[in-house]
Amino acid sequence: MKKATSLLCMMAFCAGSLRAQAPKPAPAEQAKMNTFVSQLMARMTIDEKIGQLNLVTGGEATTGEAVSNDVEGKIAKGQVGGIFSLTTPGRVRKAQQIAVTKSRLKIPLIFGQDVIHGYKTTFPIPLALAASWDMALVERTARVAANEASADGINWTFSPMVDIARDARWGRIAESCGEDTYLASQIARVMVKGYQGDDLKKNNTLMACVKHFALYGAAESGRDYNTTDMSLNRMYNEYLPPYKAAIDAGAGSVMASFNDINGVPATANKWLLTDLLRKQWGFTGFVTSDYTGVNELIEHGLGDLQRVSALSLKAGMEMDMVSEGYVKTLKKSLEEGKVSAADIDNACRLILEAKYKLGLFDDPYKYCSEKRAKTEILTPANIKFARDAAAQTFVLLKNQNKVLPLKKAGTIAVIGPLANTRANMPGTWSVNADLANTPSLLEGIKAVAGNKVTVLNSLGSNLTSDATLQKNATMFGRDIPRDERPEEVVINEAVATAQKADVVVAALGESSEMSGESSSRTDIGIPEVQKHLLAALLKTGKPVVLVLFAGRPMTIKWESENVPAILNVWFGGSQAANAIADVLFGDVNPSGKLAATFPQNIGQVPMYYSQKSTGRPLAPGTWFTKFRSGYLDVSNDPLYPFGYGLSYTTFSYGDVKLSANSFKPGQSITASVTVTNTGSVEGKEVVQLYTRDLVGSITRPVKELKGFQKISLKPGESKTVTFTISENDLKFYNADLQYVAEPGDFKIFIGPNSSDVKESQFALLGK
Ligand code: BGC
C-alpha cells in the first residue's frame, strides 16, 4: 500500500516548492502568440518544421569534435532553427538575412552562445561569483553580460549552470555555484533575472537556458560526462531545486545534460523532460540537447541515429544541438510511425514561440546594431564593475601575523608560473575574453603598487613538470610560459629574486583550463613542481603570500600549515589582476566565503557540509574511534568548511536570540544575532543561518543553509541581523515525495561559516 502511494505521488507530484510556478504571459498576449504560431505552422511543410529543431554551430567546432557544414545552404533550405557561437552584428546579420530572405517562410534564426561569466567584459568564474554571496552583484554581472552579448548579435545564452557540485575532481565545478542547494537556487533566480530582464523583447536581453538538466554535477568519480545514479529523495531535496528556481524565475529554455540518470540518459529521459519538467513543473519553454547529445545516445547504447533521435523527441527534447539526428531521420520515423506529426508539431511550436517571445518576428535584426557593438561592449563602466566584482569573490583562507595587506613600499617579488600570464586570468569558459589585453597579475600589482614599490618577477617553475599535461591544461590559447631548463635552476633563480625582496607573492595553483569541461583531476593539489618552488621560497625566511588560482576546491593542507597567508583568487575575469592587487594592498578588504568545501585530502571527496548523520557518528572533536564513522588516516573535518572566509578585520557573534521557542504552521519566528566588527578596518561579513531537523520521517542533513545576509561594518560597529523562519523554511520531500514540514524540534545555527556557529533550538508545533 505504502509503495502504491509513493508511486502515485511521484507521478502526480503531490505538493511542494517544486510544483508548477513558472510565470505565465498575460492571456491576451498568449492568445496572440498562439494564433501567430498556428497560422505560421499551417503553412509549414514537415521538413520545415523539422528544420526549426536543428541547432548548428557557425561552422566551427566548439566543445566537441563535430562541426556543422554548409550552414548557409541549410539556412536557405529552411533546415536550421538556430546557430550558436556566431557573433558580431555583421556575421549575425548575414546569416539572418539568408533566413529571412532566402528561406521559403522567412523564419528568423535564434542565435545562442555560452555567455557564462560575462561576455567580452569577463567576470569571475561562477564558483567564484557564488563565493561573493552577493545576489545583487551576481544579477548585475548577468545584466552586463546580456547587454554586451546582445549588442554583438546574441539573443540566447547557455547559462545559468546550476548543477550542484560536491566532487572537486569534476572540472566543471568551476562553472557551478558550488555544493549548496539553497545558495545555488538564489543564484539561479537572480541570473535568469539578470539575463532576461523584465522583457525578453527588448534588444538588450538574452533568453536564459538553465543547464545541465539534470544532476550533471553528480557524475560518478567526478569524471566528466559520467553516469549518475541517485535516489529520488536526494534528487528532490538536494539537486533539483536550483533548476526549478531558474524555471520559476522564467528561464525560457533548458539544456538536457549529457549524463545517464538512473539508466536513461537525460537527452532521452521522458520522466525527466516531460513528466517532471513539463507536467509537474509547468515549464513552457523549449529544451535543447547539449552538444551532440542526441548522437551520443548511440554510444550510450540506445540504438542508431534514427532510433535515438525518435527517442529524444518523444522524451521531450525539442532542439538538437549539432547532431543533425533530427533533420536526418525524423521524417523517416514519421513515415514509419515511430514519431507522430503531433510530436514534431509540439517541438516546432515551442521553438517558434521562443522566437516570438524574443520579438524576432517583429524585427529579426534587432540584435545587429553596429553602433551598440561599438559603444556598449567593454565600456569603462563595465570594466570598472568587473574589477569591483572580482574583488568581492576572493577568499582569504589564512592571514597569520597580518602578512596581508601588503604595504605600498619596499620590494615585492612576484613569483610563479601564473604571475606573468595574461591568457590564464579570465578563467575557463570565457570564449569572448580578450586574452591579449587582460592584465597579468604582475601587471596588476605594478599598477596598484604605485611608484614607491619595486616589483621583481621570476617564473620559478613550470605549471607542471609534465609537458604534455601542461599542453592539455593550457588549451584554447590559454598559454603559460614554459622553461625547459632543469627544475632546480629555475627554482634557484626565483629564490635569488625572493632574497632581494621584503615579501614574496607566490602566484601558484591551477591553470584556467585545469578546470572546466573535460578537465577532471584525480589529484586536486597544486602540481608538485610548484610545491617545490613554494617550499624553496618559504626557506628564504621571507614572508610569503600564496595567491592561489583555482577552479575548484583544492587539497592544500601542507600549504595551509606552512604558508603564512593564502588568498584564493579563483579565476577572476578580465580585471582579475587589478582586483587581486586591490585586495593584496588592502584597498579592498576581502569578504568572499567558500561555496564549496575544501577537503583535507582527495580521499574525503565528495565532501559537503550538509551531510546526513550515520548511526555511528564520531563524537565532536574526535578523530578516529573504532566502530565509528571515520577514517584511520584523516579526521572527518574539512580543511576549510563551506561558507568560510577571513577578512582584514575580525567579527564577533553574540548569542542567537529567538522571538519565541515554538510556532505553529502559518506563523513565524525570528532569529537574531548581533555581529560586531572587532578589528580596525571596515569590512563585510556574510552572516549565515542553518537549521537541523532533529527528528524526521526520513533522515535529514546535519545542517542546511536557510538564509544569509551580507553586511558591512565599520570598526567597532555592531549590527543585529534578523532572519525570519516560517514553516516553509522547514519543508522537505518525504519518502512519498510530499513536500512537508514535520512538527518537532529543530536546531538553529548562525555563524560566519558552516562549522563555526552559535546555536539555539525551537519547535514547530502541530496544527
Ligand atoms: C557543454 C555545454 C555548452 C555546449 C555548447 C557543451 O559541451 O556541456 O555547457 O553549453 O557545449 O557550447
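So, here's what we can say about the structure. Nothing here was measured: the structure is a model prediction, and the numbers come from that model.

Analysis parameters
Residues numbered from 1 in each chain as written. Predicted model: local features only at pLDDT ≥ 70, side-chain atom pairs only at ≥ 80, totals over all residues. Heavy atoms only, no water. Helix = DSSP H or I, 4+ residues; strand = E, 2+ residues; numbered from the N terminus. Rg over C-alpha atoms; globule rule 2.2 N^0.38 Å. Buried < 20%, exposed > 50% of the residue type's maximum accessible area, 1.4 Å probe, protein only. Lys, Arg positive; Asp, Glu negative; His and termini not counted. Salt bridge = Lys/Arg side-chain N within 4 Å of Asp/Glu carboxyl O. Polar contact = N/O pair within 3.5 Å; in protein donor to acceptor, adjacent residues only side chain to side chain. Contact = heavy atoms within 4.5 Å. Pairing = 2+ DSSP bridges.

Comments concerning the overall build of the protein
1) Next: Scanning the protein for helices and strands turns up 23 helices and 27 strands.
2) Next: Relative to the 2.2 N^0.38 estimate, which gives 27 Å for 767 residues, the radius of gyration of the protein is 26 Å and therefore close to what a compact globule would have.
3) Next: Expressed as lengths along the three principal axes of its C-alpha atoms, the size of the protein is roughly 80 × 65 × 45 Å.
4) Next: Looking at the protein residue by residue over its 767 residues, the buried ones come to 60%.

Some remarks on the side chain of Lys398
1) Next: If you trace the backbone, Lys398 turns up in strand β11 (residues 395-399).
2) Next: Although Lys398 lies buried, it forms no salt bridge, and the closest oppositely charged side chain, Glu561, sits 8.6 Å away as judged by the N-O distance.
3) Next: A polar contact is formed between the side chain of Lys398 and the side chain of Gln400, at a distance of 3.2 Å.
4) Next: At a separation of 3.0 Å, a polar atom in the side chain of Lys398 contacts the main-chain carbonyl oxygen of Val563.
5) Next: Aside from chain neighbours lying at most four places away, what touches Lys398 is Ser560, Glu561, Asn562, Val563, Pro564, Ala565, Ile566, Tyr640 and Leu646.

Notes on the sheet that holds strand β26 (residues 744-751)
1) Next: With respect to topology, five strands assemble into an open sheet ordered β19-β27-β26-β21-β22, the strand pairing being mixed. Two strands lie at the open edges of the sheet, namely β19 (662-663) and β22 (704-713), each paired on one side alone.
2) Next: As paired strands, strand β21 (residues 683-693) and β22 are joined by nine bridges and run antiparallel to one another. Paired with Leu689 across the strands is Gly707, a residue of β22.

A few points about the side chain of Ser150
1) Next: Tracing the sequence through the fold places Ser150 in helix α7 (residues 135-150).
2) Next: Residue class for Ser150 comes out buried when judged on its relative accessible area of 0%.
3) Next: At 2.7 Å, the side chain of Ser150 forms a polar contact with the backbone oxygen of Ala146.
4) Next: Residues contacting Ser150, with those up to four places away along its chain left out, are Asn203, Asn204, Thr205, Leu206, Tyr367 and Arg372.

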